[in-house]
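Examining the three-dimensional arrangement
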Amino acid sequence: MSDPRPDRYAVVGNPIHHSLSPRIHALFAEQTGQHLTYEALQGTPGQFAEEVWAWFSSGFRGLNVTVPFKEEAFALARVLTDRARHAGAVNTLWRDDERRIHGDNTDGVGFCRDLDRLNFDVRSRRILILGAGGATRGLLQPLLEGGPEALVIANRTVARAEGLVEAFRDIAPATRLAACGLDTLPQGPFDLVVNATATGLGEDALDLPAHLVQADSLAYDLVYGAGAQRFLGWAEAAGCSNGSDGLGMLVEQAAEAFAIWRGVHPETAPVLRELRHEIDGQ
Ligand code: NAP
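Residues numbered from 1 in each chain as written. Predicted model: local features only at pLDDT ≥ 70, side-chain atom pairs only at ≥ 80, totals over all residues. Heavy atoms only, no water.

We now examine the layout of surface pockets. Its boundaries defined by the atoms lining it, the largest pocket holds a volume of some 1,600 Å³. Forming the boundary of the largest pocket are 49 residues, of which Val67, Ala135, Thr197, Ala198 and Val223 lie nearest the centre. Broken down by secondary-structure element, the contributors of at least two residues to the lining of the largest pocket are α1 (21-32), β3 (60-65), α3 (70-76), α6 (134-145) and α9 (247-262). With four residues, α9 is the largest single contributor of residues to the lining of the largest pocket. For the lining of the largest pocket, the residue count by class is 22 nonpolar, 20 polar and seven charged. Each of domain 1 (7-105 + 248-280) and domain 2 (109-245) accounts for three or more of the residues forming the lining of the largest pocket. (1 Å grid on protein atoms, 1.4 Å probe; cavity = no way out; pocket = protein on both sides within 12 Å on 5 of 7 lines; lining within 4 Å. Points joined across faces, edges and corners; volume = space filled by probe spheres on them. Helix = DSSP H or I, 4+ residues; strand = E, 2+ residues; numbered from the N terminus. Nonpolar A, V, L, I, M, F, W, Y, C, P; charged D, E, K, R; others polar. Domains from an automatic or database assignment.)

Structure (structure tokens):
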């Protein structure tokens, strides 16, 4: 009997050529013996919804969504998971038998799984998140459910950070939740400082004081590879050598999407090892 055609999946973004997702899902498929293909599709601003319907109609079984379409994916999904509703952004889409589009956000759970890998428990800890964009929105629910003592959101545009504090306050009434500007950062040290701004590879570096971290703090940049080095270099110079880029989060959020689509959760450790080796030869 001939082999049936593989199920098709893809990531949609703009730009998309740099995406590691096709490589990650190819490794997951190989590991779990799932018969599928995973491509990178360039979305067109202003035409996201039409393109997604067309891709599903042409046979795609599931789509990941990245910058700048996560909010549009949220608006498009007819059925949302609880965590997607809280995040206001969707990175994983699929259709049910009645052709309704479902949306989930796996970024937050991916981040928290990576914290587990790094043996960092958020319970009773002090956390500072730099940035109040879509990524921060995705992280807040699972982080707050972990029960930190305090969580401060610092953003260039303070009103955005304040909006997140209002939107998420009810999830963890016991956590001291606060907002501030990047130029009015509170006195540290924090146990965890997360760079969730889009400054990694841009011209504008964050100007951060050394008191935000101490030797056993964890400094985490959501960006992976070279883009994370400026922030992690700052942390090291400030006396904190415990740093991580966002490659583990990327692999974990992908594994969660794979599990939603295929009903099998791949092992992430070997995939992370392989990618780390491919990216920076470690
Ligand atoms: P976004 O919604 O566009 O938000 C960007 C954030 O960066 C905003 O808080 C913005 O502040 C801030 N920002 C931009 N330029 C800045 C500057 N020059 N100085 C200070 N702050 C600046 O982006 P996002 O979706 O949240 O993504 C943020 C980063 O996380 C991206 O680099 C993305 O690649 C990464 N990410 C990684 C993963 C992973 O799996 N590892 C997953 C999701 C996202 P304003 O509000 O003031 O504009």
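Our focus in this paragraph is the domain arrangement of the protein. Here the protein is described as being made up of domain 1 (7-105 + 248-280) and domain 2 (109-245). Its C-alpha centre places domain 1 at a distance of 25 Å from the equivalent point of domain 2. Opposite the 19 residues of domain 1 that make contact, domain 2 presents 17 residues. Counting each side, the surface lost to burial between domain 1 and domain 2 is near 1,500 Å², with a carbon and sulfur contribution of 55%. Scanning the region where domain 1 abuts domain 2 turns up two salt bridges. (Contact = heavy atoms within 4.5 Å. Buried area = accessible area lost by both parts, 1.4 Å probe. Salt bridge = Lys/Arg side-chain N within 4 Å of Asp/Glu carboxyl O.)

A word on the environment of Leu206. Summarising the element assignment, Leu206 is placed in the loop between β10 (192-195) and β11 (218-221). Look at Leu206 and you get partly exposed, because its relative accessible area is 24%. Residues Leu206 and Phe231, 25 residues apart in the sequence, show an inter-C-alpha distance of 7.9 Å. Not counting residues within four places of it along the chain, the set of residues in contact with Leu206 comprises Leu130, Leu182, Asn195, Thr197 and Thr199. (Buried < 20%, exposed > 50% of the residue type's maximum accessible area, 1.4 Å probe, protein only.)

Once that is clear, we can look at the site of the ligand. Ala135, Asn155, Thr157, Arg160 and Leu222 are the nearest of the 23 residues found near the ligand. One of the side-chain nitrogen or oxygen atoms of Arg160 is found 2.7 Å away from an oxygen atom of the ligand. At 2.8 Å from a nitrogen atom of the ligand is found a main-chain nitrogen or oxygen belonging to Leu222. Within the complex, 78% of the 930 Å² of free accessible area of the ligand lies under protein. Of all the cavities here, the one that holds the ligand is the largest pocket. The class makeup of the residues in the shell around the ligand is ten nonpolar, eight polar and five charged. Each of domain 1 (7-105 + 248-280) and domain 2 (109-245) accounts for three or more of the residues forming the shell around the ligand. (Near = heavy atom within 4 Å. Polar contact = N/O pair within 3.5 Å; in protein donor to acceptor, adjacent residues only side chain to side chain. Areas by Shrake-Rupley, 256 points an atom, 1.4 Å probe, with all protein chains shown as cover. Sits in = over half its atoms within 2 Å of the grid points.)

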